[in-house]
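Summary of the model geometry
Listed below are the residues making up each chain.
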There are 2 protein chains.
Amino acid sequence: MAETKANTIDTQIDGSCLAAKARLVSRAVSSIYDEELRPLGIKVSQLNILVLTYHLGIARPAVVCEMLHLDTSTVSRNVERMRAKGWLEVVPEAGRAQPFRLTRAGEDVIKKAEPAWKAAQERAQQLLGDDLVQALSKPLGELCAGGSQR
Amino acid sequence: MAETKANTIDTQIDGSCLAAKARLVSRAVSSIYDEELRPLGIKVSQLNILVLTYHLGIARPAVVCEMLHLDTSTVSRNVERMRAKGWLEVVPEAGRAQPFRLTRAGEDVIKKAEPAWKAAQERAQQLLGDDLVQALSKPLGELCAGGSQR
DNA sequence: GACCTAAATATGTATATACAATTTGCATAT
DNA sequence: ATATGCAAATTGTATATACATATTTAGGTC
């Protein structure tokens, strides 16, 4: 018998909700990386954009948006914050485009973040377990609108 | 040396980053649910707390925090927003505790959200693919510090 | 060339989220 | 009874994120 209390409704929404799980995993994993990276003054959200920028060389906001499934406004403001920190710089170009690239300081951040990132990656593998790690390691189908071409 | 261009560094941080993947999946999946739920005026983040509250009957903030891996301040403010909408109510209790429960309006929201949630769940399964769905469906080890003990 | 539309970016506003600091109520030792 | 300390929750502040709206500019069409 269920609850002592009055459950006047009955729902099918429960622990099987993929959004709940995905968000839980995201929070848990992010917190591991952020904890390891904290001494360096960067969070994994920004580090990911730096690393992608490194791989792209010259990064166009629209491309970053599509590859990371981020809204343009989100990228706009994240880039602005990292520009303010001197990690990115906008590449002068004609037109509306505002492509950006790493500065030397941005490269240094990536370089210095490596040990922390590796430690976090190992902790995350432990936490998630082989099945999830494997599943996440495969190219994420429609999700990686660019994840494989690098 | 290798690059003509200014790749003065070489990093091991790349597409294998579990945080990047987990966050990408979270954003992509969340957007599916939020899109389906939009007509109802709720997002999956809040719906999850409502559903958990439904299962708990009386929900203590600290318990919700641990089960969902959320900071106490996050729960505090999410609950406040849903209280303002009339979906949750605080249960008077001695001490510092502020346990809360669903209101009738909160129950209605869950009830009315079911079709949208199911549609989103199917779309998410399609997007993620069997391996990821399977991996996410298993009890998430240390992650579900309460997923099973209810 | 003036005009219109489509694409790329930025801005306004709101929620989600976390960390640090503060408040609050309770237990307990002295 | 007081001080001490602990546990739970809130508040201050900052970032991450998205949607709606505005802005800017490149290309066409006439």
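Here, the structure is the one placed above.
Quantities reported herein were computed from a predicted structural model and do not represent experimental measurements. (Residues numbered from 1 in each chain as written. Chains lettered and ligands numbered in written order. Predicted model: local features only at pLDDT ≥ 70, side-chain atom pairs only at ≥ 80, totals over all residues. Heavy atoms only, no water.)

**What about the overall build of chain A?**
When you go through chain A residue by residue, the secondary structure sums to six helices and two strands. What you see in chain A, going N to C, is helices and strands ordered as α-α-α-α-β-β-α-α. In chain A, which comprises 150 residues, the proportion classed as buried is 45%. Per element, the accessible surface of chain A, about 7,900 Å² overall, is 49% carbon and sulfur. (Helix = DSSP H or I, 4+ residues; strand = E, 2+ residues; numbered from the N terminus. Buried < 20%, exposed > 50% of the residue type's maximum accessible area, 1.4 Å probe, protein only. Areas by Shrake-Rupley, 256 points an atom, 1.4 Å probe, with all protein chains shown as cover.)

**Considering the interface of chain B and chain A**
Every contact between the two is made by 61 residues of chain B and, on the other side, 61 residues of chain A. Summed over the three residues of chain B that lose the most area to chain A, namely Ile13, Leu18 and Tyr54 of chain B, the buried surface amounts to 13% of that side. Where chain B meets chain A, there are two salt bridges. Of the charged contacts, one joins Lys138 of chain A and Asp131 of chain B as a salt bridge, the two residues approaching to 2.3 Å between their closest N and O atoms. For the pair chain B and chain A, the number of links is 20 residue pairs in polar contact (both at pLDDT 80 or more). Looking at the side of chain B that touches chain A, the elements with two or more residues in it are helix H1 (18-37), helix H2 (44-56), helix H3 (61-68), helix H5 (104-128) and helix H6 (130-137) of chain B. Per element, the largest residue contribution to the side of chain B that touches chain A is 14 residues, and it comes from H1 of chain B. (Contact = heavy atoms within 4.5 Å. Buried area = accessible area lost by both parts, 1.4 Å probe. Salt bridge = Lys/Arg side-chain N within 4 Å of Asp/Glu carboxyl O. Polar contact = N/O pair within 3.5 Å; in protein donor to acceptor, adjacent residues only side chain to side chain.)

**Quick notes on the relation of the copies chain B and chain A**
Superposing chain B onto chain A takes a rotation of 180° combined with a translation of 0.0 Å along the rotation axis, leaving an RMSD of 0.1 Å. The transformation just described matches what one would write down for a two-fold rotation axis. Here 97% of the interface residues in chain B have copies in chain A that are interface residues too; the copies meet face to matching face. (Least-squares fit on C-alpha atoms with pLDDT ≥ 70 in both.)

**Quick look at the protein's contact with DNA strand D**
For DNA strand D, the set of nearby residues contains 24 residues, the closest of which are Ser45 and Ser73 of chain A together with Arg23, Ser76 and Arg77 of chain B. Within 4 Å of the protein, atoms of DNA strand D come from sugar and phosphate in 60% of cases. Ser45 of chain A is positioned with one of its side-chain polar atoms (N or O) 2.7 Å from a phosphate oxygen of DNA strand D. Backbone polar atom of Asp71 of chain A to a phosphate oxygen of DNA strand D: 2.8 Å apart, as the coordinates give it. Elements represented by at least two residues in the surface near DNA strand D include exactly helix H2 (44-56) and helix H4 (72-84) of chain A together with H1, H3 and helix H4 (72-84) of chain B. Of all the elements, H4 of chain A adds the most residues to the surface near DNA strand D, at five residues. Split into classes, the residues belonging to the surface near DNA strand D amount to four nonpolar, 11 polar and nine charged. (Near = heavy atom within 4 Å. Nonpolar A, V, L, I, M, F, W, Y, C, P; charged D, E, K, R; others polar.)

**Observations concerning the nonpolar core**
In terms of nonpolar packing, the biggest core is built from 98 residues, with Tyr33 of chain A together with Tyr33 of chain B touching the most fellow members. Tyr33 of chain B has contacts with Cys17, Leu18 and Ala19 of chain A together with Val44, Trp117, Ala120, Gln121 and Ala124 of chain B, leaving out every residue within four places of it along the chain. (Core = buried A, V, L, I, M, F, W, Y, C linked by side-chain atoms within 4.5 Å.)

**Structural notes on the side chain of Thr103 of chain A**
With respect to the secondary-structure elements, Thr103 of chain A resides in the loop between strand S2 (100-102) and helix H5 (104-128). Ignoring any residue separated from it by four or fewer positions in sequence, one finds Thr103 of chain A in contact with Gly86, Trp87, Leu88 and Glu89 of chain A.

**Describing unusual backbone geometry**
If you check the backbone angles, His69 of chain A has positive phi at about 55° while not being a glycine. In this structure, His69 of chain A sits in the loop between helix H3 (61-68) and H4.

**Re the protein's contact with DNA strand C**
Neighbouring DNA strand C are 25 residues; Arg23 and Arg77 of chain A together with Ser45, Asp71 and Ser73 of chain B lie closest to it. Within 4 Å of the protein, the atoms of DNA strand C are drawn from sugar and phosphate moieties in a proportion of 59%. One of the side-chain nitrogen or oxygen atoms of Arg38 of chain A is found 3.0 Å away from a phosphate oxygen of DNA strand C. Between DNA strand C and Thr74 of chain B there is a distance of 3.1 Å, counted from a phosphate oxygen to a side-chain nitrogen or oxygen. Mapped by element, the contributors of at least two residues to the surface near DNA strand C are helix H1 (18-37), H3 and H4 of chain A together with H2 and H4 of chain B. Counting residues per element, the surface near DNA strand C draws most heavily on H4 of chain B, which supplies five residues.

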